Each structure stands twice: as structure tokens, then as C-alpha cells.
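Observations on the model geometry
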Amino acid sequence: MIDRADRLKRLPPYLFQEIDRLKAELMAQGVDVINLGVGDPDLPTPKHIIEELNKAARDPANHQYPSYSGMNDFKGCVARWYRRRFGVELDADSEVLTLIGSKEGIAHLPLAFINPGDLALVPSPAYPVYHITTMFAGGESYFMPLSRENGFLPDLGKIPADIARKAKMIFINYPNNPTGATAERDFFLKVIDFAREYGVAVCHDAAYTEMAFDGYRPMSFLEVPGAKEVGIEFHSLSKTYNMTGWRLGFAVGNAGMINGLGQVKSNIDSGAFNAVQFAGIAALEGDQCCVAEMQGIYQERRDALIRGLRRINLNAGLPKATFYVWCPIPGKYKSREFTTLLLREAGIVTTPGSGFGEPGEGYVRMALTVSKERIEEAVRRMQKIAF
Ligand SMILES: Cc1ncc(COP(=O)(O)O)c(C=O)c1O
């Protein structure tokens, strides 16, 4: 056996192992498991997007290697979408980069800017990729705790000055996975001031800006003056158009950072399939009724789950965006224990908050990725457990 590299040995233990094992065991016994664990839309990709893929896939011109940085047509479409959606001007050539899903770009970014021993500021709880890929690049993470008291926003004033001076990058993510929290202009302004003062590059993960409810429209970090001088923003078609399997996203913003990320990518991958980029154009420029429909569906599910949870004294906040409910659990349980209890007693899969970082202890994350009827069924089952 070849000995694995230290970076793999440093990975935290796979937290979902026990849940996956238990889930498989229950399903083998014929238990009807309700999966609120994974953030993967259950709704299909809209038809007009599939049709465009069909058409583009038949064109031999699309069968060769794509351009490393993305098709000009797709990058132009992204720039137009940014103008329409956020009022932000982008140069399609130097300020837009096509990604094979936003995870791919986020994961490669530290390879462009983190040297061994460099520090990245990483929220906790958070999407695990920020921390892991910093580690893969040889860097260290300084964790910024997110708590209910600070609205699940990092308190930049609490970062010690020597840490801030040493930091090379800061990751932020709003609307937020796993907490469902949102950020406004005043927070982004603070981030830009901080980035300027300490020379830190900002990476804003904006995968969920289109998954928002009650008419709320999350803003782009790039709408705030000065943002483009200090950072980039990641977007994804995955959640907006139910395209997680298609692998299409993009990074936009600071030309130097976009170029650095592009340089890493050109040595690792060979770009996103052109036919998928054509389908992406159909998604971003086609009828947006499908987005409104998606928002309506998740809003109904969210309301059903929050209503049900409150009836059993689990007082989760109402997320204005994302398809995650960040639910505080009774104090006598650890989040892993509570997750196991829900699975064993009610056949419901949830994700323990501690899996996203220690400050996530005391919560479980529930994804709104099953129908409203199944959510109501999940709540009925939870009611029967004596917490
Ligand atoms: C916060 C966040 N960022 C990025 C991603 C990655 O999305 P994709 O690679 O499908 O674009 C996810 C997926 O769950 C996510 O939750």
C-alpha cells in the first residue's frame, strides 16, 4: 500500500460515517427514511435548459476541449446577468471565469494565493471546503466563530491584529450554509475596510443569492464600492436552476485574483463542457419563472418545517434565504447525539451542527429537499419523540 500524503492524514474524521451506516441499516430493515441531510435540490432542471444541452451536445464543434477560462459567450452572459441582477459592471474577459461548479473554484483558490504557513480567515460553522483546501495548500485556518448573538456574521473586530496582519485571505458566505443567515451592505463595507487595512483577499461564496424568500433579494458583495479592489465572488447554477449534477459555476471580481485562479485551473482541468455552458446561457438568459417557482416551493416547505418545529419547542429562526433550517436542539444533547436520535427514533436524516465546526454544536441542519408532505410527515414523527 502506498502511504497517503500528510494532507489526507490531516483530514478530520468523516463525521457522517456513523449516520450513513445507521441510515443504510434502517433502510435495509425497510424503514421509510426522510432525508433532510443533503443540500441537493430534489426538483428537476427546467426543461428549456435540458433542451439547450441536447442541442449543443449534438454540435461537433462542442466536442473538443473547451477554453480554459470559459466560453466568451458564457462569460459575456454572466457579465450581463450581473448588470441586470446586481447593477454591477464586469469585464467579461478579465473579471469572469467559468468554473466546473463553484466548489471547484473555491477549492483551487488557495493554491493560487496561499503559501505553506500562510493564514486564511475561515468562518465556523461553515461549508467545509474553505478550511480543507486551505490546508491542502499548506496554509492554516484561523476560525471566526459565527453565533446567533452576532447574527451568524464574523466579528472582525475580535480578530487579533497580529492574526489579521498575517492573514492572506478571508472566506465569507452569504446567504450562509449552514445557518441560513444573510448579510447586508454594512457588513460587506466592514469586510472591505478590513481587507484594505490588512491587505487580505476576500473570497465571497454567493452560491445561494437566488434562493431567497418573501421577496427578499440578497445583494452581491461586488455591489459595494471598493469590493472589486479586494476580492472575488463565487456563484453557482447548481441551486438556482437545480443543476447540481451539471457542474457549472463562475467566479467574478478582482482581475488579478481571477487571473491567478485561472492559472491554477489551466494546469489542472480543461474547462467546463461547452454544451453545459450553452445550457448555462439558456438558464441565465431564459425565462426566470422557474426561479420564482423554486423560491415559492422552498418557502412553503420552510414555513411547514418551522411551524412544526415550533410546535415541539424547537425554535429555529426563519431563514430569509437558502434551503437550510438551522435548528437549535435541547441543551441536554450534543448535536451528533440528537441527529442519531432523530434517525433511530423517527427515520429522519439531519446533519449535526458540529460537523460544520465546533461553534455549530447545539444545532442540527435540516435541508428543505423533500416535499412539503414529507416535511409534515417528518414533523409528525418528531412530535412522537420525548426530547
Ligand atoms: C456554501 C456553498 N458553496 C458552494 C457550494 C458548491 O456548489 P457547486 O459546486 O455545486 O456550485 C455549496 C454546495 O452545497 C455550498 O453549500
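The paragraphs below set out a description of the structure included in this document. Everything numeric here is computed off the predicted structure, so don't read it as measured data. (Residues numbered from 1 in each chain as written. Predicted model: local features only at pLDDT ≥ 70, side-chain atom pairs only at ≥ 80, totals over all residues. Heavy atoms only, no water.)

**Remarks on the nonpolar core**
Note on soluble globular proteins: their nonpolar side chains tend to be buried together. The condition is simple: Side-chain atoms within 4.5 Å link the members of a nonpolar core, which is a set of buried Ala, Val, Leu, Ile, Met, Phe, Trp, Tyr and Cys residues. Only protein chains enter the accessibility calculation, which uses a 1.4 Å probe; a residue whose area is less than 20% of its type maximum is buried, one above 50% is exposed, and one in between is partly exposed. Here a helix means four or more residues in a row that DSSP labels H or I, a strand means two or more in a row labelled E, and each is numbered from the N terminus. Contacts are assigned to residue pairs with any non-hydrogen atoms lying within 4.5 Å of each other.
In terms of nonpolar packing, the biggest core is built from 97 residues, with Tyr82, Tyr241 and Met366 touching the most fellow members. For this core, the leading source of residues is helix α12 (residues 289-311), giving eight residues. If sequence neighbours within four positions are ignored, Tyr82 has contacts with Gly87, Val88, Leu90, Ser220, Leu222, Glu233, His235, Phe250 and Val252. Leu97, Val122, Ala126 and Leu261 belong to the second-largest nonpolar core, a separate cluster that totals 21 residues.

**Re helix α11 (residues 274-285)**
The periodicity of an α-helix, 3.6 residues per turn, causes residues three or four positions apart to be oriented the same way. Threshold: What a helix should span is 1.5 Å times the count of its residues minus one.
Between its terminal C-alpha atoms α11 stretches 16 Å, which fits the 16 Å expected from twelve residues at 1.5 Å a residue. Of all twelve residues in α11, ten are buried, a share of seventy percent or more. Every buried residue of α11 is listed here: Asn274, Ala275, Val276, Gln277, Ala279, Gly280, Ile281, Ala282, Ala283 and Leu284. The inward-facing, buried residues of α11 abut α3 (47-57), α4 (72-86), β2 (96-99) and β8 (249-253).

**Some words on the pairing of strand β12 (residues 363-367)**
Formally: A pair of strands is labelled paired if DSSP reports no fewer than 2 bridges between them.
Among the five residues of β12, five are classified as buried, and the element is accordingly described as predominantly covered. Every second residue of β12 is oriented toward a common face, with Tyr363, Arg365 and Ala367 on one face and Val364 and Met366 on the other, all of them buried. When strand β9 (residues 324-328) meets β12, the two strands line up antiparallel, connected through five bridges. Residue pairing across strands places Val325 opposite Met366, the latter belonging to β12. In the sheet, strand β11 (residues 351-352) pairs with β12 via two bridges, with the strands oriented antiparallel. Bridging from a neighbouring strand, Thr351 pairs with Arg365 of β12.

**Overview of the packing of aromatic side chains**
Remark: the centre distance and the inter-plane angle together describe each pair of aromatic rings, the angle taken between the planes. Selection rule: Any pair of Phe, Tyr and Trp rings, taking the six-membered ring for Trp, is counted once the centres come within 6.5 Å. Such a pair is stacked with planes under 30 degrees apart, edge-to-face with planes over 60 apart, and tilted for the rest.
Here the structure, examined in full by the defined rule, presents 20 aromatic pairs. Taken together, a centroid distance of 6.1 Å and an interplanar angle of 55° make the contact between Tyr208 and Phe323 tilted. Taken as a pair, Tyr208 in the loop between β6 (201-205) and α9 (227-230) and Phe323 in the loop between α12 and β9 lie far apart in primary sequence, 115 residues in all. Owing to a relative accessible area of 0%, Phe323 belongs among the buried residues under this scheme. Summarising the aromatic geometry, the rings of Phe338 and Phe387 are spaced 5.2 Å apart at their centres and angled 50° between planes, so their arrangement reads as tilted. With a gap of 49 residues between them, Phe338 in helix α13 (residues 335-346) and Phe387 in the segment after α14 (372-383) connect regions that are remote in the sequence. By relative accessible area, Phe387 is classed as partly exposed at 23%.

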